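Listed here are the chains, written in short residue letters.
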Amino acid sequence: MYTRREFGLLALSGMAAPSLGFAQKVAGVQLGVQTYSFRELPRAPGGDQTDAIVAAMKECGLTECELWSPMIEPASPIVGRRPTPEEGQKVREDLRRWRIETPLSYFQGIRKKFQSAGLSIPAYNYSFAENFTDAEIERGFEMAKALGATYITASSTLKVAPRVAPFAEKHQMLVAMHNHSAVDNPNEFASIASLEAALAMSKQFRINLDIGHFTAGNNDPVAFLRARHALITNLHIKDRKKNQGDNTPWGTGDTPIREVLQLLKREKWPIAAYIEYEHRGEGTPVAEVRKCLDHARQALA
């Protein structure tokens, strides 16, 4: 099973958090799902994974999501192997062209499908990379608005973030930087210092705190939430071991999932908690997300 970042590489080779609408709340805490959790569900023939996501969310009983962009973008034509440099460059250029040229009505149509099912897309996960053109960066904001998203989340880097800032300010849209666990990489959003650097770049920048990655980097998500809750849009909830340990089934790693959810419950902060199923489970993605949701409900009891 590929991580979100590995999947992307293969394919390509102070304001408070916003009100999110249609939220499913458990004990006052807004729960949702990062659709990366459903990455293994089938695409429509010649199409995307929109219908599969909608069906999976309804089956799980979840009503809001952070939509992972590769699930509505074209699938790579190269499957089962790493592309050659030439193939990778062509795939990359084709995707850039698709992003810039696809009519916004395509994204509006996805929004309508979600709305018709009683679902919402508060966040669009569009990860600005260093090889993005300015047009590609700006198009992300236009896509997000067409989808009805309130903000963008991004697995980005310190190097590219300053290029994103002017577009975030132009479009008056929040961009929440997603952290990983490589605290020794100065270009990664992983250490507390790097996250603070993101917040200092733009009044439109926020944090999408992945508590599993934060724990794997030997940081304390509870302490960071207490300190920076007003600048955190949403959480990714997963379980990992400390010291760059693996993703694990919820409740078997070192991530303080219960303590984090109880903190949100107690403080009533408007921070969404999104399930991100990333460990190796035994069932279907839908079954595994439902297990995670049950764990979250029990943690909030």
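Please read these numbers as outputs of a predicted model, since none were measured by experiment.

Student: Account for the overall build of the protein, naming residues and giving values.
Tutor: A count of helices and strands for the protein gives 11 helices and 11 strands. On C-alpha atoms alone, the protein measures out to a radius of gyration of 18 Å, which is about the 19 Å that the 2.2 N^0.38 rule sets for 301 residues. In terms of its C-alpha atoms, the protein occupies a principal-axis envelope of roughly 50 × 40 × 35 Å. Taken over 301 residues, the protein has a buried fraction of 54%. A total accessible area of about 12700 Å² is found for the protein, and carbon and sulfur atoms account for 53% of it.

Student: Can you tell me about the pattern of salt bridges, naming the residues and giving the values?
Tutor: On inspection of all chains with the given rule, the structure shows 18 salt bridges. For the salt bridge of Lys113 with Asp51, the shortest nitrogen-to-oxygen distance reads 3.0 Å. Of the two residues, Lys113 sits in helix α4 (residues 104-116) while Asp51 sits in helix α2 (residues 50-60), which places them 62 residues apart along the sequence. On the accessibility criterion, Lys113 (42% relative accessible area) is partly exposed. For Asp51, a relative accessible area of 45% gives the class partly exposed.

Student: Before we move on, could you go through the packing of aromatic side chains and cite the residues and values that matter?
Tutor: Inspection of every chain in the model, using the stated rule, returns 10 aromatic pairs. Centre to centre, the rings of Trp98 and Tyr106 are 5.6 Å apart; their planes meet at 85°, and the pair counts as edge-to-face. Taken together, a centroid distance of 5.8 Å and an interplanar angle of 75° make the contact between Trp98 and Phe107 edge-to-face. Residue class for Phe107 comes out buried when judged on its relative accessible area of 0%. Each member of the aromatic cluster is reached from another via a ring pair, and the members are Tyr124, Tyr126, Phe128, Phe132 and Phe141. Above the plane of the ring of Tyr277 lies Arg39, whose end atom (NZ or CZ) is 5.7 Å from the centre.

Student: I'd like a rundown of the nonpolar core, residues and numbers included.
Tutor: Counting residues in hydrophobic clusters, the biggest one holds 80 residues, and the most contacted among them are Phe38, Tyr124, Phe128, Phe141, Val175 and Leu261. Considering each element in turn, this core owes the most residues, 7 residues, to helix α11 (residues 285-300). The next biggest cluster of nonpolar side chains, apart from the first, holds 6 residues, and it includes Ala123, Ala176, Ala272 and Tyr274.

Rules used throughout
Residues numbered from 1 in each chain as written. Predicted model: local features only at pLDDT ≥ 70, side-chain atom pairs only at ≥ 80, totals over all residues. Heavy atoms only, no water. Helix = DSSP H or I, 4+ residues; strand = E, 2+ residues; numbered from the N terminus. Rg over C-alpha atoms; globule rule 2.2 N^0.38 Å. Buried < 20%, exposed > 50% of the residue type's maximum accessible area, 1.4 Å probe, protein only. Areas by Shrake-Rupley, 256 points an atom, 1.4 Å probe, with all protein chains shown as cover. Salt bridge = Lys/Arg side-chain N within 4 Å of Asp/Glu carboxyl O. Phe/Tyr/Trp six-rings, centres within 6.5 Å; stacked < 30°, edge-to-face > 60°. Lys NZ or Arg CZ within 6 Å of the ring centre and 35° of its normal. Core = buried A, V, L, I, M, F, W, Y, C linked by side-chain atoms within 4.5 Å.

Remember, this is a structural readout, not a statement about activity or role.
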